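Residue-level structure breakdown
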Amino acid sequence: MAMDIATSFSVLNNSHDAIVDAINKLDEKIAPPSLLLLYFSEDYDYDVLQLTLNKYYPNTPFLACSSCQGFMTEDGYINGRGVALWAINDIVGAYGTSIVSSNGSIFDIARQAILKAINNSGRLGEAPTLILLHATPGCEEEVIRGIEDVVGKNIAIIGGSAADDHVQGKWRIFNHEQQTQQGIGIAVFYPNCEVSFSFHSGYAATSYSAIATKVQGRELIELNHQPAADIYQQWIQQKFEANSSIINESSLNPLGRLVGEIHDLPYFKLAHPLMVTKTNGLKMFASIIEGERLYFMTGTNERLITRAGRVVTATNGIKLNPIGGLAIYCAGCMLKVQQRMEEVALFMKIAMHDKSFVCPFTFGEQGQFVTGENAHGNLMISAVVFHRD
């Protein structure tokens, strides 16, 4: 059975006009979708987007997630604002989505969300091939634990945390039934094709490292029993004001946790410092565990630009015969190399063999490492490619 993937986008200002424009363009490319994904920038009216999608696709499950200042598709980098649709038509496969708002235990809510998505797919009791996760920022590690409690640890999770334009909490996720500003969105895939994954950072460890000796939630309070911000500022050789954002300054120098080694090369999951706290700690975009060794990482603009294509290629190297794909690119990295995002999009397009893909810019990335571990990190890129055997 043939399977198809297509994308469309619109940059019209009016919410209704933009989504209808994107739908009309999509309908020219693909039969009624089995699953629809929507990425949109913060200034669109999500009520209008949700109502319109329900009207045009009453029988199609969809999942929508806000993205930071644009997105990428095979047509290039769409900067600033817009809506993008990604559709898969797969008559033999099965797909389902769910949105659950957070009020209570994140672990329990994540379990509820994955069970609901599987139930909505009609494949109850069967583990999906792939889980797409779009949570709102804050507790992603706990969300992954809850999902894995239901489906086990070997089902790949790919995802990105909902984003807005300037880290002001204006993010949103919704599906055909519900919407929330704080919660978990999930899509489950049972596709009639091969699927391969990749999850990487484009950074290398320096000779500096320290043990996280005091941690509270997402605040790293001490490194080697000294104020974490003091140590970090020594490493980066810059002074920062307390309570001000250091997202941009720290985006080429995150902190890395060693995940493992492949062919003797170490690889890391990253945590992005967000700000220096009043007590001279570091507020992070990911949770650190007390006792972990943290490495001072270094990246370059060139690496951030070329690695998107490399990560797509790494999903299955030269054996790739793609139908299409999905990628997640960190908003912090995008903002660092914003002037050259056209190049990033081109590298991805070449790696995808010119096939359809969509890529939002997110505030935290989830993926599956080569070792099979699902993880949440920052300044990462995650990719999934659907391909013929």
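The name given to the chain in an unreviewed UniProt entry is FIST N domain protein, with Photobacterium aquimaris as the source organism.

Quick notes on the domain arrangement of the chain
Under the domain assignment used here, the chain contains domain 1 (4-200 + 303-388) and domain 2 (204-298). Between domain 1 and domain 2, the C-alpha centre-to-centre distance is 28 Å. Sorting the residues of domain 1 by area buried against domain 2 places Lys-336, Asn-378 and Leu-379 first, and these three jointly supply 33% of that buried surface. Linking domain 1 to domain 2 there are three salt bridges. Per element, the largest residue contribution to the side of domain 1 that touches domain 2 is three residues, and it comes from strand 25 (residues 374-377). Partitioned by chemical class, the residues of the side of domain 1 that touches domain 2 number nine nonpolar, six polar and five charged.

As for the pairing of strand 1 (residues 4-10)
Among the seven residues of strand 1, five are classified as buried, and the element is accordingly described as predominantly covered. Here strand 1 pairs with strand 6 (residues 83-89) via seven bridges, running antiparallel. Residue pairing across strands places Asp-4 opposite Asn-89, the latter belonging to strand 6.

A closer look at the sheet that holds strand 8 (residues 130-135)
Taken in spatial order, the six strands of this open sheet run 7-12-8-9-24-25, and their pairing is mixed. Both outer strands of the open sheet, strand 7 (94-101) and strand 25, are each paired with one neighbouring strand and no more. The mean angle between the axes of side-by-side strands here comes to 20°, regardless of whether they run parallel or antiparallel. Across four bridges, strand 8 lies against strand 9 (residues 156-160) in parallel orientation. Paired with Leu-130 across the bridge in strand 9 is Ala-156. Set on the sheet, helix 3 (residues 106-121) makes contact with strand 7, strand 8 and strand 12 (183-190); between it and strand 7 the angle comes to about 150°.

Reading guide: rules and limits
Residues numbered from 1 in each chain as written. Predicted model: local features only at pLDDT ≥ 70, side-chain atom pairs only at ≥ 80, totals over all residues. Heavy atoms only, no water. Domains from an automatic or database assignment. Buried area = accessible area lost by both parts, 1.4 Å probe. Salt bridge = Lys/Arg side-chain N within 4 Å of Asp/Glu carboxyl O. Helix = DSSP H or I, 4+ residues; strand = E, 2+ residues; numbered from the N terminus. Nonpolar A, V, L, I, M, F, W, Y, C, P; charged D, E, K, R; others polar. Buried < 20%, exposed > 50% of the residue type's maximum accessible area, 1.4 Å probe, protein only. Pairing = 2+ DSSP bridges. Axes fitted to C-alpha atoms, helices over the stretch in contact; angles between N-to-C directions. Contact = heavy atoms within 4.5 Å.

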